[in-house]
Amino acid sequence: MKDKRLLFAFPHPDDESFGPGGTIAKYAREGAEVHYVCATRGEVGTVDAELLKPYEHLPEDQRLGALRGQELRNAADILKLTGLHYLGYRDSGMPGTEPNRDPRAFINADPDRVTEQLVKIFRSVKPQVVVTFDPFGGYGHPDHIFIHHRVTEAFHAAGDAARCPEAGAAYQPRKLYWSVFPKGLLKFFMLLMRVTRRDLAKFGRNGDIDLKEIAAHDYPPTARIDVWPYYEIKRQAAACHTSQLSSGPGMFDRLPRLLQRRLNGYETFRLVEPDSNGQRRKERDLFEGVTP
């Protein structure tokens, strides 16, 4: 795996662990360089006040970001990330909320400036493979959607010497993937939620995720990565994000081990550059076809 470089670009601390954490752990342990670009420090949301006590010396609007930044550093150590790169923006929160109007919010950033920041990182790190969110951002978070567009633009701009000349010599990544969630698995999860009488439109710690809306956005995967040998590492990394976890065991933890293997043993992605041309055969390696 020598000379292979993989870069994930998401907006928040925890996106790396709750999503493709198994894939990150797998490639890092196989010898690839794995980098994470994080647009914000996740400053928006509600957490247990006790967790913020170590940061009481900071201004109130910086405490949650400081906590979540530390959680990310802890997770990065477990996943064995090669590099952690912050873009320096503020969490925008969910649609229609007050944080959307904060001028520091990621969604209010100058798109060209964000693209140039990403281009500079791409040209410095030189990843062959780049991964980001799909056009719906996984579950409709404005920051997720915004980074999707900026990463897509930066992917193409990085190889164009006429674009962002101040960001270094042109370098073109070979492949661009979206991290996607199989709708069959989601529908199974929704069925479990109905059995437990949980509201499908108010999922998540803050009750602001609509699973029915997520299910309506279908981006079939073209790559299926076996991460079961690294699932425990992913769990350990996810556990670092204490501020984002609900107390008690998760729903999957109550399932038989064999069913857990089926549900959690794979992470899926959709190849968008070069165009997969609707191929049905699923890749088993994100570096398939890439020569270091």
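Right above here is the structure, for reference.
The text that follows walks through the structure, step by step, so that each part is easy to find. Not measured: the values here are computed from a predicted model.

**Topic: the side chain of Thr 40**
Piece 1. Tracing the backbone through its elements, the reader meets Thr 40 in strand 2 (residues 33-40).
Piece 2. Given a relative accessible area of 1%, Thr 40 falls into the buried group.
Piece 3. Within the structure, Thr 40 has its side chain in polar contact with the backbone nitrogen of Gly 42 (distance 3.1 Å).
Piece 4. Excluding residues within four positions of it along the chain, Thr 40 makes contact with Pro 11, His 12, Pro 13, Tyr 86, Tyr 89, Arg 90, Asp 91, Phe 106 and Asp 143.

**Describing the pattern of salt bridges**
Piece 1. Summed over all chains, the structure comprises twelve salt bridges.
Piece 2. Of the charged contacts in the structure, one is a salt bridge between Asp 61 and Arg 104, with a shortest N-O distance of 3.2 Å. Of this pair, Asp 61 sits in helix 3 (residues 60-79) while Arg 104 is found in the loop between strand 3 (83-89) and helix 4 (111-125), placing the two residues 43 residues apart along the sequence.
Piece 3. With its nearest N and O atoms 2.9 Å apart, the salt bridge here joins Asp 102 to Arg 104.
Piece 4. The exposure class of Asp 102 is buried, given its relative accessible area of 17%.
Piece 5. For Arg 104, a relative accessible area of 43% gives the class partly exposed.
Piece 6. Three or more residues joined by partner-sharing salt bridges are found here, namely Asp 61, Arg 90, Asp 102 and Arg 104.

**Brief notes about the sheet that holds strand 1 (residues 5-10)**
Piece 1. Read from one edge to the other, the open sheet built from seven strands follows the order 3-2-1-4-5-7-6, with strand pairing classed as mixed. The sheet terminates laterally at strand 3 and strand 6 (223-226), the two strands that pair on one side only. Recorded for the sheet is a direction-independent mean angle of 25° between the axes of neighbouring strands.
Piece 2. Inspection of the sheet shows strand 1 paired to strand 4 (residues 129-133) by three bridges, in the parallel sense. In the strand pairing of strand 4, Phe 8 is matched with Val 131.

**Regarding the packing of aromatic side chains**
Piece 1. Tallied over the full model, the rule gives nine aromatic pairs.
Piece 2. Ring centres 5.4 Å apart and planes at 45° place the aromatic pair Tyr 89 and Phe 106 in the tilted group. Here Tyr 89 is found in strand 3, whereas its partner Phe 106 is found in the loop between strand 3 and helix 4, with 17 residues between them in sequence. This pair shows no difference in class: Tyr 89 is buried, exactly as Phe 106 is.
Piece 3. Ring geometry for Trp 178 against Tyr 219: centres 5.4 Å apart, planes inclined by 80°, an arrangement best described as edge-to-face. Taken as a pair, Trp 178 in strand 5 (residues 175-180) and Tyr 219 in the loop between helix 8 (211-215) and strand 6 lie far apart in primary sequence, 41 residues in all.

**Some thoughts on the packing of helix 3 against helix 9 (residues 231-239)**
Piece 1. In contact at an axis separation of 8 Å, helix 3 and helix 9 are set at 165° when each is read in the N-to-C sense. The angle between helix 3 and helix 9 falls in the class roughly antiparallel. For helix 3 against helix 9, the interelement crossing comes out right-handed. Judged by residue contacts, Ala 75, Ile 78 and Leu 79 of helix 3 engage Ile 233, Gln 236 and Ala 237 from helix 9.
Piece 2. Broken down by class, the residue content of the contact of helix 3 with helix 9 amounts to five nonpolar, one polar and no charged.

Scoring rules and cut-offs
Residues numbered from 1 in each chain as written. Predicted model: local features only at pLDDT ≥ 70, side-chain atom pairs only at ≥ 80, totals over all residues. Heavy atoms only, no water. Helix = DSSP H or I, 4+ residues; strand = E, 2+ residues; numbered from the N terminus. Buried < 20%, exposed > 50% of the residue type's maximum accessible area, 1.4 Å probe, protein only. Polar contact = N/O pair within 3.5 Å; in protein donor to acceptor, adjacent residues only side chain to side chain. Contact = heavy atoms within 4.5 Å. Salt bridge = Lys/Arg side-chain N within 4 Å of Asp/Glu carboxyl O. Pairing = 2+ DSSP bridges. Axes fitted to C-alpha atoms, helices over the stretch in contact; angles between N-to-C directions. Phe/Tyr/Trp six-rings, centres within 6.5 Å; stacked < 30°, edge-to-face > 60°. Parallel < 35°, antiparallel > 145°, perpendicular 65-115°, else oblique. Left-handed = near helix turned anticlockwise from the far one by under 90°. Nonpolar A, V, L, I, M, F, W, Y, C, P; charged D, E, K, R; others polar.

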